Amino acid sequence: MNSFDWNAVQDSLPLLLEGFRVTLLATVLGTLVAAVLGLAVAVAGRAPSRFVTVPVRAVTEFVRSTPLLVQLVGAAALFNTVEPLYIGIAVLGVHYAAYTSEVYRAGIDGVPKGQWEACRALSLPPRRTWQAVILPQAVRNVLPALGNYAVSMFKETPFLAVITVQEMVFEARKYGADNFAYTEVFTLAGLIFLVASYPTSLLMRKLEKRLGH
């Protein structure tokens with residue numbers, strides 16, 4: 001049985017940290033896309049016209065019903081002239097927007113009816129009602145859930161390797177194949193994921209408890 005090669009750990013660390021930079025970039029930008037697009041989908045889902053709500057719900061259900069891996073491969077095949085990292089960010093954002101839209105919807109539904117009635121009594125226009133009254137309360141209530149989805153997205157970035165995005169797991173697999181050090185390099189990659197995601201998860205729990213009081 002081969003012993004654990006600490007030299008491989010030391011040698012691969014710079015490569016994995018460079019891959020982690022790409023992983024973090026994809027997570028941050030993908031989360032921004034999911035947050036903005038999910039909010040737009042949630043608001044559109046409450047539109048009075050079925051010509052808006054029906055297509056929005058159909059697309060949302062399609063995204064939820066298909067695996068992220070299939071969406072990545074399909075998007076890469078359709079947009080093969082686009083940089084794979086950009087495709088990965090867009091697909092992650094769209095995929096998670098389908099879920100964050102439900103989080104926003106729950107947050108909007110959780111705003112007391114008296115708030116809506118007060119806005120109508122003051123004759124506030126719909127845009128002002130949403131911007132100044134409804135959304136600030138809804139977003140505040142769903143921040144922990146949005147943070148949890150960001151952590152989930154971070155842990156799913158290894159799927160980007162299938163479209164040749166050079167994120168951390170891509171670099172780990174490449175180094176392991178070149179140096180026959182899969183155990184060492186994937187152990188290190190797992191530890192980096194743990195160190196990055198676990199404190200964030202704890203922070204989201206603390207935020208959830210704080211907002212719940």
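Described below are features of the structure shown in this document. Quick caveat, the model's predicted, so the values are computed rather than measured.

### Overview of the layout of surface pockets
No. 1: Considering only enclosed or pocket space, the largest pocket measures out at about 340 Å³ in volume.
No. 2: As for the largest pocket, its lining consists of 20 residues, and the residues nearest its centre are T27, T31, G147, A150 and V151.
No. 3: Counting only elements with at least two residues in the lining of the largest pocket, the list comes to α1 (6-44), α4 (84-109), α6 (126-156) and α8 (182-212).
No. 4: Tallying contributions element by element places α1 first for the lining of the largest pocket, with eight residues.
No. 5: Taken together, the residues that form the lining of the largest pocket break down as 14 nonpolar, six polar and no charged.
No. 6: Within this model, the second largest pocket holds a volume of roughly 190 Å³.

### What about a nonpolar patch on the surface?
No. 1: A cluster of nonpolar side chains, contributed by L24, L25, V28, L29 and L32, occupies part of the molecular surface with about 390 Å² of accessible area.
No. 2: Residue position: L29 is located in helix α1.
No. 3: Given a relative accessible area of 34%, L29 falls into the partly exposed group.

### What to know about the environment of E83
No. 1: Mapped onto the secondary structure, E83 falls in the loop between α3 (68-78) and α4.
No. 2: Sequence separation between E83 and T164 is 81 residues; the distance between their C-alpha atoms is 9.8 Å.

### Describing the packing of aromatic side chains
The geometry of an aromatic ring pair is captured by the separation of the ring centres together with the interplanar angle, meaning the angle of the planes.
No. 1: In the structure shown here, the tally under the stated rule is eight aromatic pairs.
No. 2: With 6.1 Å between their ring centres and 85° between their planes, F20 and F154 make a pair best called edge-to-face. In this pair, F20 is assigned in helix α1 and F154 in helix α6, connecting sequence segments 134 residues apart. Like F20, the residue F154 is buried in the burial classification.

### Regarding the packing of α1 against α6
A pair of packed helices is characterised by two quantities: the angle between their axes and the separation of those axes.
No. 1: The interhelical angle for the contact between α1 and α6, taken along N-to-C directions, is 145°, at an axis separation of 10 Å. In this structure, the crossing between α1 and α6 has a hand that is right-handed. The segment α1 lies against α6, with F20, T23, A26, T27, G30, T31, A34, L39 and V43 engaging W130, L135, A150, M153 and F154.
No. 2: Residues belonging to the contact of α1 with α6 are distributed by class as follows: 10 nonpolar, four polar and no charged.

### As for the pattern of salt bridges
No. 1: Enumeration over the complete set of coordinates arrives at seven salt bridges.
No. 2: The partner of E102 in a salt bridge is R64, with the nearest N and O atoms 3.1 Å apart. Residue E102 is located in helix α4, and its partner R64 is located in helix α2 (residues 50-65); the two are separated by 38 residues in the primary sequence.
No. 3: Residue classification places E102 among the partly exposed residues on the basis of a relative accessible area of 32%.
No. 4: Residue R105 is joined to D109 by a salt bridge in which the shortest nitrogen-to-oxygen separation is 3.0 Å.

### Notes on the packing of helix α5 (residues 113-121) against α6
No. 1: At a closest axis distance of 11 Å, the pairing of α5 and α6 adopts a crossing angle of 170°. It follows from the interaxial angle that α5 and α6 lie roughly antiparallel. Residues Q115, W116 and C119 of α5 form the contact with α6, whose own contacting residues are T129, W130, V133, I134 and Q137.
No. 2: For the contact of α5 with α6, a count of residues per class yields five nonpolar, three polar and no charged.

### A look at the side chain of T27
No. 1: With respect to the element layout, T27 can be found in helix α1.
No. 2: Under the relative-accessibility criterion, T27 is labelled buried at 8%.
No. 3: Reaching out from T27, the side chain makes a polar contact with the backbone oxygen of T23 at a distance of 2.8 Å.
No. 4: Once you skip the residues sitting within four places of it in the chain, T27 turns out to touch A150, M153, F154 and T157.

Conventions used here
Residues numbered from 1 in each chain as written. Predicted model: local features only at pLDDT ≥ 70, side-chain atom pairs only at ≥ 80, totals over all residues. Heavy atoms only, no water. 1 Å grid on protein atoms, 1.4 Å probe; cavity = no way out; pocket = protein on both sides within 12 Å on 5 of 7 lines; lining within 4 Å. Points joined across faces, edges and corners; volume = space filled by probe spheres on them. Helix = DSSP H or I, 4+ residues; strand = E, 2+ residues; numbered from the N terminus. Nonpolar A, V, L, I, M, F, W, Y, C, P; charged D, E, K, R; others polar. Patch = residues over 30% accessible without salt bridge, like charges linked within 9 Å, V, L, I, M, F, W, Y side chains within 5 Å. Areas by Shrake-Rupley, 256 points an atom, 1.4 Å probe, with all protein chains shown as cover. Salt bridge = Lys/Arg side-chain N within 4 Å of Asp/Glu carboxyl O. Buried < 20%, exposed > 50% of the residue type's maximum accessible area, 1.4 Å probe, protein only. Phe/Tyr/Trp six-rings, centres within 6.5 Å; stacked < 30°, edge-to-face > 60°. Axes fitted to C-alpha atoms, helices over the stretch in contact; angles between N-to-C directions. Left-handed = near helix turned anticlockwise from the far one by under 90°. Contact = heavy atoms within 4.5 Å. Parallel < 35°, antiparallel > 145°, perpendicular 65-115°, else oblique. Polar contact = N/O pair within 3.5 Å; in protein donor to acceptor, adjacent residues only side chain to side chain.

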